[in-house]
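Residue-level structural notes
So you can see what is in the structure, the chains are spelled out below.
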Amino acid sequence: MITRDSELANKRVVIASNRLPVSVSRKNGRLGISPSVGGLATGLSSFHRGSDGLWVGWPGINPGDTQNKLELEETLKKDYNCFPVYLTATDLKKYYHGFSNRTLWPLFHYFSTYATYDSSEWATYKKVNQMFCNRLLEVIRPGDIIWVHDYHLLLLPDMLRREVPDAIIGFFLHIPFPSMEIFRYLPWREDILQGMLGADLIGFHTYDYTRHFLSCVLRILGKEQVYGQLIVENRTVNVDTFPMGIDTDKFSTAASSPAVIKERELLDERLKPEKIILSVDRLDFTKGIPERLRAFELFLERYPEWHRKITYVMLCVPSRTKVREYQLLKSEIDELVGKINGRFDTPGWLPILYMYRSLPFEELVSLYSAADLALVTPLRDGMNLVAKEYLASQIDNPKGALVLSETAGAAAELGEAIVVNPNDINMMAEAIARGLSISEKDKKKRIESMTDRIKKYDIFQWTEDFLNQLCQTRDRQEHNRQFFLAEKERKEMQSDYNKAGKRLFLLDYDGTLMSLAGKPELAQPDSEIYSILSSLAGNPANTVVLISGRDSGTLTDWLGGAGVGMVAEHGTWIREADGHEWQLTNKGLSAGWKENVYPLLEMFSVRTPGSFIEEKSYALVWHYRKAEPELGNLRSKELVDALYDMLAGTDLQVLQGSKVVEIKPAGVNKGRAALHWLEKDAAWDFILAMGDDWTDEDTFSVLPDWSWTIKVGFAPFTGARFLLDSPAKARKLLKTLEEL
Ligand code: GDG
């Protein structure tokens, strides 16, 4: 049993991400190492440094000759616990600049028109994911936690799972997961989802991204979730929300350090304005830089009283400089800055101080702590750590205000910011004016309550929370595994079977012996089912009963000659194995209610394309397996609510089965019908019941404790003692018992 607090605290965490937390570059023929810039690297480095874990990723360079390579690897390993994956120029072109940054990045940020779909880039993306997998296999030890990060490595979890089925794998996505309407554009959408589902725990920054992912899994792969859990080949995969935090102490401590204080003094001397407005971004089209500049221009136009009293310090870190769209964006920004400065500057005052480079940490923090207003206005952003870093750097008498875009993941947590629509230039211009003139008291209150929150859920809490949940998921998997009928129990069952003189089989049909089909009439028994049932029933020691929700006519047509007893309509009718007559289990049943209920079901069928009504002698069933899954689920809930109102005080009940809503007389159920056989003979010494949906729980509930009860498929809650994952396995079990 794994729990992070105990055993897991001792486990090594092996991080895999596209870039290592340090970048290697060549200067004057020598290799130099410096920290990597970017949200993931900055955030996770603090955690990595304090642990004995490893990090696998691209170092930013191919070291070339063997001597350099060996030295580099030695240094990376010894000083940074890092293990490089080397990428060739073609790999970089197709995997990194290509599929990662020209397909996934724009698509996941809702810039679908920027996305390109190139199958050779996809092939390289797969190849590089496999290279990461191979590198990990060289360095991991049994029991390690492997934590895969971000959109460059979406296929890696499943690749690892195939190689090491028992590996503990977490996956975290740092960018948004888009809605189904956008994700479905991707030609390789199934592969991407399958790749991610190789992990035990999949994390996102916000609940919306989690929701979108689960919706795509349902609509593309047809997998239903229960409380964020999915079943993938006998494993439980957990999907949850973890808003990434920052190392708050690092920023607040730095903000009061002598080095930063000195930097601030230099800055004040240089700028000497009354107020500083700040933005810090990688130069990327998702960050909304031109929109922000236009808003700033509008603000200057509308509020001349602020001229000469403010400076907008705009720090843009160069990024993906080889990609054409980024080059065009850079030109657009350069032009806009030139235009605005040219329009408003006066001797001794430049409205925008534009820095196109990366600053050392101390200078960055001095800017954060000096700024009176931060503009964090991306068009889309997975989280945006700059907003949090700015807040954490506000130490003495918090004086900063924050304008934050509603489409940044951070907005879900930082509601006290001045929240804007980044496409609304007018709204942003007004937000700048408001942010500059907000009262000290109000500003302090807002900053303190946001800072309080980011301190409580900092990067360490975030990693701890993710890793804890990963361990809990593994615990749950182990717990579930105990219930899957293993070879040991199967042998015990066989031995019970062989010893027994009177055996009773209570078997559901659809979803248990036969896979569920879109339409009920498509699930006709094949010759294998027929032969299994008739052979089992042919043994004089066996009584085999099919307990089904189907109508008696269909059961007679399909399996009337197999020598089995039958229960139709979830317990309304029964037929003995040796008889031909169907009998009502309750003589007082009436069907007159159907004409009142039918119109309601008809209305739901019209409103839910793909759904239809099935009429049985004493029941009505609304089927929605063929409907669009989310609409079907929603409508089924609405229908059940409407039926509860309509049927209150009657002796009818509403059953929710597997993609069906059924209305039938109360007091009639599979368990009651099973009692007919159970009570007929007290001498049963072997009972096997199998079923897949919750109407079968009634059967399980009336059986003696020692019976073999098996739920087919995934169930978070069941009264059955064991689980089997598919009808194919259920058939195999029956065949082995009789050695067919
Ligand atoms: C991705 C997602 C998500 C920036 N300039 C300098 C510098 N930085 C550092 C900041 C910050 C990081 O870069 C930027 O982080 P963001 O979160 O804003 O954005 P992305 O790099 O796009 O990161 C994002 C993040 O992953 C984490 O999950 O929040 O949504 O897109 O840490 O401090 N650092 C230094 N000098 C600079 O000039 N030293």
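Everything numeric here is computed off the predicted structure, so don't read it as measured data.

Description of the overall build of the protein chain
In terms of helices and strands, the protein chain carries 25 helices and 28 strands. Structurally, the protein chain occupies a C-alpha span of about 105 × 65 × 45 Å along its principal axes. Counting over 740 residues, the protein chain shows a buried share of 57%. Considering only residue pairs separated by 6 or more positions, the protein chain has 71% of its internal contacts joining residues 24 or more positions apart. Only carbon and sulfur atoms are counted for the fraction: they give 50% of the accessible area of the protein chain, which is about 30800 Å². Here the protein chain carries 89 positive and 101 negative side-chain charges, and the mean point of each set is 5 Å from the other.

Focus on the pattern of salt bridges
Note on pairing: side chains with opposite charge can pair once their charged atoms come close. Under the defined criterion, the tally for this structure stands at 47 salt bridges. A salt bridge links Asp 284 to Arg 320; the nearest nitrogen and oxygen atoms lie 3.2 Å apart. Placement of the pair is Asp 284 in the loop between strand 11 (275-282) and helix 11 (289-302) and Arg 320 in the loop between strand 12 (310-317) and helix 12 (324-344), with a sequence separation of 36 residues. As far as the burial class goes, Asp 284 and Arg 320 line up, both buried.

Side note on the domain arrangement of the protein chain
Here the protein chain is described as being made up of domain 1 (9-26 + 36-241), domain 2 (248-455), domain 3 (487-586 + 667-738) and domain 4 (594-665). Here domain 1 and domain 3 have C-alpha centroids that lie 45 Å from each other. Here domain 1 and domain 3 share an interface that buries about 380 Å² over both sides, 77% of which is from carbon and sulfur atoms. Of all residues in domain 1, Val 226, Ile 231 and Asn 234 give up the largest surface area on contact with domain 3, accounting jointly for 73% of the area buried on that side. Taken together, domain 1 and domain 3 are joined by zero salt bridges.

Quick word on the sheet that holds strand 23 (residues 620-623)
Taking strand neighbours across the sheet as the criterion, the four strands line up as 22-23-25-24 in an open arrangement whose pairing is antiparallel. The open sheet terminates on both sides in strands that have one partner only, identified here as strand 22 (612-615) and strand 24 (652-657). Averaged over all adjacent pairs, the angle separating strand axes in this sheet is 20°, with direction ignored. Sheet analysis places strand 23 next to strand 25 (residues 660-665), joined by four bridges and oriented antiparallel. Bridge pairing links Val 621 to Glu 662 in strand 25.

Here's the deal with the site of the ligand
Taken together, the neighbourhood of the ligand is formed by 24 residues, with His 174, Leu 359, Asp 381, Leu 385 and Glu 389 sitting nearest. Within the side chain of His 205, one N or O atom sits 2.9 Å away from an oxygen atom of the ligand. Within the side chain of Glu 389, an N or O atom sits 2.5 Å from an oxygen atom of the ligand. When the ligand sits alone it has 730 Å² of accessible area, and the protein chains cover 93% of it. Broken down by element, the residue count for the shell around the ligand peaks at three residues, all from helix 14 (residues 385-392).

With respect to helix 16 (residues 440-456)
With 17 residues, helix 16 extends 24 Å from end C-alpha to end C-alpha; this agrees with the ideal 24 Å at 1.5 Å per step. For helix 16, the elements touching its buried residues are helix 9 (248-255), strand 11, helix 14, strand 15 (401-405), strand 16 (418-420) and helix 15 (425-437).

Section: unusual backbone geometry
Positive phi, normally seen in glycine, also occurs at Arg 308, with a value near 70°. By relative accessible area, Arg 308 is classed as partly exposed at 47%. Of note in the backbone geometry, Arg 320 takes a positive phi value of approximately 45° without being a glycine.

Regarding the packing of aromatic side chains
On inspection of all chains with the given rule, the structure shows 37 aromatic pairs. Centre to centre, the rings of Phe 99 and Trp 122 are 5.2 Å apart; their planes meet at 50°, and the pair counts as tilted. One end of the pair, Phe 99, is in helix 3 (residues 89-108); the other, Trp 122, is in helix 4 (residues 119-139), with 23 residues separating them in the sequence. For the pair shown, Phe 99 and Trp 122 are each scored as buried. Arranged with centres 5.8 Å apart and planes meeting at 75°, the rings of Phe 177 and Phe 204 form a pair that is edge-to-face. Residue Phe 177 is located in the loop between strand 7 (168-172) and helix 6 (180-183), and its partner Phe 204 is located in strand 8 (residues 201-204); the two are separated by 27 residues in the primary sequence. In this structure, Phe 177 and Phe 204 share a single accessibility class: buried. Above the ring of Trp 684, the side-chain terminus of Lys 502 is found at 5.1 Å from the ring centroid. The positively charged end of Arg 503 is found above the aromatic ring belonging to Tyr 497, 3.8 Å away from the centroid.

About the criteria used
Residues numbered from 1 in each chain as written. Predicted model: local features only at pLDDT ≥ 70, side-chain atom pairs only at ≥ 80, totals over all residues. Heavy atoms only, no water. Helix = DSSP H or I, 4+ residues; strand = E, 2+ residues; numbered from the N terminus. Buried < 20%, exposed > 50% of the residue type's maximum accessible area, 1.4 Å probe, protein only. Contact = heavy atoms within 4.5 Å. Areas by Shrake-Rupley, 256 points an atom, 1.4 Å probe, with all protein chains shown as cover. Lys, Arg positive; Asp, Glu negative; His and termini not counted. Charge placed at Lys NZ, Arg CZ, Asp CG, Glu CD. Salt bridge = Lys/Arg side-chain N within 4 Å of Asp/Glu carboxyl O. Domains from an automatic or database assignment. Buried area = accessible area lost by both parts, 1.4 Å probe. Pairing = 2+ DSSP bridges. Axes fitted to C-alpha atoms, helices over the stretch in contact; angles between N-to-C directions. Near = heavy atom within 4 Å. Polar contact = N/O pair within 3.5 Å; in protein donor to acceptor, adjacent residues only side chain to side chain. Expected span 1.5 Å × (residues − 1). Phe/Tyr/Trp six-rings, centres within 6.5 Å; stacked < 30°, edge-to-face > 60°. Lys NZ or Arg CZ within 6 Å of the ring centre and 35° of its normal.

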